[in-house]
Amino acid sequence: PNSRSLEQFQVPELISDSPAWHTLGTFERSQTAHLDRFREVPGRAFPSLDFWLKMLRCAGILALMAVALGLFATLQQPSLEKATIGSSHGGFVSFFAAVLGSGKGSTSHKDESRSAVSGTAFLVCILRALETTRRDRAPLFEDDVAVALYDLRKGDAPLAGRVLFALIKDVLHTLAAPSWRTSLMAPVRAVLLPSLISLYVDVIAVRTRHLDDQISSFLASHKQLVVVGAGLDARSFRMQSLLEKEGVHVFELDFPEMLKEKRRMFEKAGCVYDEGYTKRVSYVGTDLSLDEAGWLQALKEHDFDVEAQCVWLLEGLTGYLTEEELLGLLQKIDRLSAPGSVILATWLGKDRLGTMSTMHRFYTDHPDEFMQRTGWQTLDKSSLGQVMTRMLYPKEDNSYWFTASRKP
């Protein structure tokens, strides 16, 4: 029962053709004939040879990732220095946003310290792809578009991101393998698995699922959904059947060049922009710094109805604006919204001040009070810890907030 031939090895699809697999897997495959004597046996008190081979492969992959990112940082040092500052967490986010978004979806930011903001769209996308492909638990959602974008061979995301996704996915799948659940392995998995994914993948997973649920709850009465700063958000495809059923018109707002690049990448990933889709989903290229007259004109050209109730989605956006800019944005949204409209927003808490990067400008632990300054009533306010506890596991975390607010 413990025998297994070479053909039975389960190799992750994206890794099977990668240089890392061919390099690090040579020794494992050459030892196939001897593994039968060392397979994990129930009750065995020491790790098997298979275990150590997996550990060696994971260590090698992580080393290759470090070398590759180090080389990239050396080559791109001038531009990356503008994108990263502050603590290790803030630098990590800014650095990987710059790496994953290099050469794609550039925007016309006049403020160079925000030059990597569009790159965060790629960072969020790769985290959603990792959530979709995880094996240690059932994913909170399935974003097949994100997975297709980061396919090592066929995807059209930047090559650095596709290689990174393939390597991290292989490590996570190895750590989550059932054969690792031995008494000796448990402490290793308990330390490595959460440290690799909880800080980022789980946060994006619960954020995405929480907002999906809130959007769904308002669709029966609100037939317009505006995604502000849409980036590579794929909800219009991921929630397509529900949006069609409820007859919702989706408006995705972002810089024109970002939306143009998004459509090209999504089409290459297999998304179909047929007449039915383009009739109910509109890409609205605009500069969010324009006054509401510019916004209204751009939205009206795509049949936006100012008299109809609307859901505005501000996901991962508020922290990139100054307090003055954010207040101005909300006032513009207010003037474009009919009574009963809803704003769903995410906020950086003051606990994240220690993770500050040049891209982050605004922090608050009282987003409900901030929304009241524009006259909107708070329907719900939840911390990241509360949402995480409800969906995954108990956690105390006030570094991130979710609000749902209604216009009277």
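Everything below is about the structure printed above this text.
These numbers were taken from a predicted model, which means no experiment stands behind them.

Q: Please clarify how the pattern of salt bridges should be interpreted in this entry.
A: Two side chains carrying opposite charge are able to pair once their charged atoms lie near each other. Under the counting rule described, the total for this entry stands at 24 salt bridges. For Arg128, the salt bridge identified is with Asp233, shortest N-O distance 3.5 Å. Here Arg128, found in helix α6 (residues 119-132), pairs with Asp233, found in the loop between β1 (224-228) and α10 (235-238); they are 105 residues apart in sequence, far enough to count as distant. Since its relative accessible area comes to 4%, Arg128 is described here as buried. Judged by its relative accessible area of 5%, Asp233 falls in the buried class. Among the ionic pairs, Arg235 bridges to Glu315, the shortest N-O distance being 2.8 Å. Separated by 80 residues along the polypeptide, Arg235 in helix α10 and Glu315 in the loop between β4 (310-314) and α15 (323-335) bring together distant segments of the chain. Taking the relative accessible area as the measure of exposure, Arg235 reaches 3% and is therefore buried. Judged by its relative accessible area of 12%, Glu315 is buried. Counted as one network, the salt bridges with shared partners bring together Arg128, Asp143, Arg207, Asp212, Asp233, Arg235, Arg238 and Glu315.

Q: Before we go on, may I ask you to explain helix α17 (residues 384-391) in this structure?
A: One turn of an α-helix holds 3.6 residues; hence residues three or four places apart share an orientation. Those residues of α17 lying buried are Leu384, Gly385, Val387, Met388 and Met391. All buried residues of α17 fall inside an arc of 165 degrees around its axis, so they share one side.

Q: I would appreciate a short explanation of unusual backbone geometry in the present structure.
A: When glycine is set aside, most residues are seen to have a negative phi, and most peptide bonds are trans. With a phi close to 70 degrees, Asp303 is a non-glycine residue in the positive phi region. By secondary structure assignment, the location of Asp303 is in the loop between α14 (292-300) and β4.

Q: How do you make sense of the nonpolar core when you look at a structure like this?
A: It is characteristic of soluble globular proteins that their nonpolar side chains tend to be buried jointly. Counting residues in each nonpolar core, the largest one holds 48 residues, and the members touching the most others are Leu127, Tyr150, Leu225, Phe266 and Leu344. If sequence neighbours within four positions are ignored, Leu127 has contacts with Tyr200, Val201 and Ile204.

Q: What is the right way to read the packing of aromatic side chains from this model?
A: Two aromatic rings are characterised by how far apart their centres lie and by the angle between their planes. Using the criterion set out here, one finds 13 aromatic pairs in the structure. Aromatic ring contacts, followed pair by pair, group Phe237, Phe266, Tyr273, Tyr277 and Tyr283 into a single cluster. The positively charged end of Lys381 is found above the aromatic ring belonging to Trp401, 4.6 Å away from the centroid.

Q: Could you clarify how one ought to interpret the sheet that holds strand β3 (residues 281-285) in this entry?
A: Across a sheet, paired strands are connected by hydrogen bonds in the backbone, their directions being either parallel or antiparallel. Sheet architecture is open: seven strands sit in the order β3-β2-β1-β4-β5-β7-β6, paired in mixed fashion. Edge positions in the open sheet fall to β3 and β6 (377-383), since each of these has one partner strand only. Taken pair by pair, the neighbouring strands of this sheet meet at an average axis angle of 15 degrees, ignoring direction. Judged from the four bridges that link them, β1 and β4 form a sheet pairing that is parallel. By the bridge assignment, Val227 is partnered in β4 with Leu313. Where helix α12 (residues 256-268) meets the sheet, it contacts β2 (249-254) and β3, and its direction lies at approximately 140 degrees from that of β3. Strands in contact with α14 are β2, β3 and β4; relative to β2, the strand with the most contacts, it is inclined by about 135 degrees.

Q: Can you help me understand the side chain of Gln214 in this one?
A: By secondary structure assignment, the location of Gln214 is in helix α9 (residues 185-218). In this view, Gln214 contacts Leu344, Asp380, Thr403 and Ala404; residues no more than four positions away in its chain are not counted.

Q: How should the pairing of β2 be read in this particular structure?
A: Regular strands place their side chains on alternate faces of the sheet. The element β2 is largely enclosed, with a buried count of six among its six residues. Burial of β2 is two-sided: the residues His249, Phe251 and Leu253 facing one way and the residues Val250, Glu252 and Asp254 facing the other way are all buried. In the sheet, β1 pairs with β2 via five bridges, with the strands oriented parallel. For Val227, the partnering residue across the bridge sits in β2 and is Glu252. Bridge analysis of β2 against β3 gives five bridges, and the strand direction is parallel. What sits directly across from Glu252, in β3, is Tyr283.

What counts and how
- Residues numbered from 1 in each chain as written.
- Predicted model: local features only at pLDDT ≥ 70, side-chain atom pairs only at ≥ 80, totals over all residues.
- Heavy atoms only, no water.
- Salt bridge = Lys/Arg side-chain N within 4 Å of Asp/Glu carboxyl O.
- Helix = DSSP H or I, 4+ residues; strand = E, 2+ residues; numbered from the N terminus.
- Buried < 20%, exposed > 50% of the residue type's maximum accessible area, 1.4 Å probe, protein only.
- Arc of directions from axis to C-beta.
- Core = buried A, V, L, I, M, F, W, Y, C linked by side-chain atoms within 4.5 Å.
- Contact = heavy atoms within 4.5 Å.
- Phe/Tyr/Trp six-rings, centres within 6.5 Å; stacked < 30°, edge-to-face > 60°.
- Lys NZ or Arg CZ within 6 Å of the ring centre and 35° of its normal.
- Pairing = 2+ DSSP bridges.
- Axes fitted to C-alpha atoms, helices over the stretch in contact; angles between N-to-C directions.

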